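# Coordinates in review
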Amino acid sequence: GQQVMQIPQYQHVQEGEDFTTYCNSSTTLSNIQWYKQRPGGHPVFLIQLVKSGEVKKQKRLTFQFGEAKKNSSLHITATQTTDVGTYFCAGRPPGSARQLTFGSGTQLTVLP
Amino acid sequence: KAGVTQTPRYLIKTRGQQVTLSCSPISGHRSVSWYQQTPGQGLQFLFEYFSETQRNKGNFPGRFSGRQFSNSRSEMNVSTLELGDSALYLCASSLDAGNQPQHFGDGTRLSIL
């Protein structure tokens, strides 16, 4: 079945440093979604990428979808303590009635 | 607009018992998905329902079942509980069964003694 892998599993950064998490799928995806889960909270939708090679920005966050639509990345510039949490990617293969599969997540710690 | 509501928030059960968890989606959302979250396994997909029909099912034993009602509310049931079923169970709703963002509830924390 479809597998979505995410690296790294954990990342500690000093406040102000950059951070990147990578997502790789075993199959081509129709789209990729990114979610953020704060400690003790639930996943919150951040963004969806649909097109091959698509790049989207949200303030200090930059999201990319690979040309082959099998990988994606999330880059945070100049991290802040408010960025703390676990970032998940989630992808669904093309075709109807295909389930959304979440990556294992990257837990980000930002040291002040 | 109210968010996704899950009840109960916390539940303690013993091995062998059964449990029913409830999820009320955002008004107008017709798709509901369930996930099991544990520290070591991340978010594991359980089921996806749309218009009272199960569209997808994850790799969980038959002890895990679910359903969706005509008002889009959903329940999941776990029978013959095992210690390994201890987890946070998250429900997420979306407008339809396509590539829509998922809106999660706060989850039900299930502990098995």
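Residues numbered from 1 in each chain as written. Chains lettered and ligands numbered in written order. Predicted model: local features only at pLDDT ≥ 70, side-chain atom pairs only at ≥ 80, totals over all residues. Heavy atoms only, no water.

Below, the discussion takes up the packing of aromatic side chains. All names here are of chain B. Applying the stated rule across the entire model yields 12 aromatic pairs over all chains. Their ring planes at 40° and their centres at 5.6 Å tell us that Y35 and F104 sit as a pair that is tilted. Taken together, the residues Y35 in strand β4 (residues 31-38) and F104 in strand β10 (residues 103-104) connect sequence positions 69 residues apart. Each member of the pair, Y35 as well as F104, carries the same accessibility label: buried. (Phe/Tyr/Trp six-rings, centres within 6.5 Å; stacked < 30°, edge-to-face > 60°. Helix = DSSP H or I, 4+ residues; strand = E, 2+ residues; numbered from the N terminus. Buried < 20%, exposed > 50% of the residue type's maximum accessible area, 1.4 Å probe, protein only.)

With that out of the way, let us pick up the interface of chain B and chain A. With 18 residues of chain B at the interface, the matching set in chain A holds 17 residues. Between chain B and chain A, a total of about 1500 Å² is buried, with carbon and sulfur atoms accounting for 47% of that surface. Ranking the residues of chain B by area buried against chain A places L43, N99 and F104 of chain B at the top, with a combined share of 34%. Scanning the region where chain B abuts chain A turns up one salt bridge. One salt bridge in this structure joins E48 of chain B and R92 of chain A, with 3.7 Å as the shortest N-O distance. At the boundary of chain B with chain A, the tally comes to seven residue pairs in polar contact (both at pLDDT 80 or more). Elements with a minimum of two residues in the side of chain B that touches chain A: β4, β5 (42-50) and β6 (53-57) of chain B. (Contact = heavy atoms within 4.5 Å. Buried area = accessible area lost by both parts, 1.4 Å probe. Salt bridge = Lys/Arg side-chain N within 4 Å of Asp/Glu carboxyl O. Polar contact = N/O pair within 3.5 Å; in protein donor to acceptor, adjacent residues only side chain to side chain.)

By themselves, these figures tell us nothing about what the structure is for.
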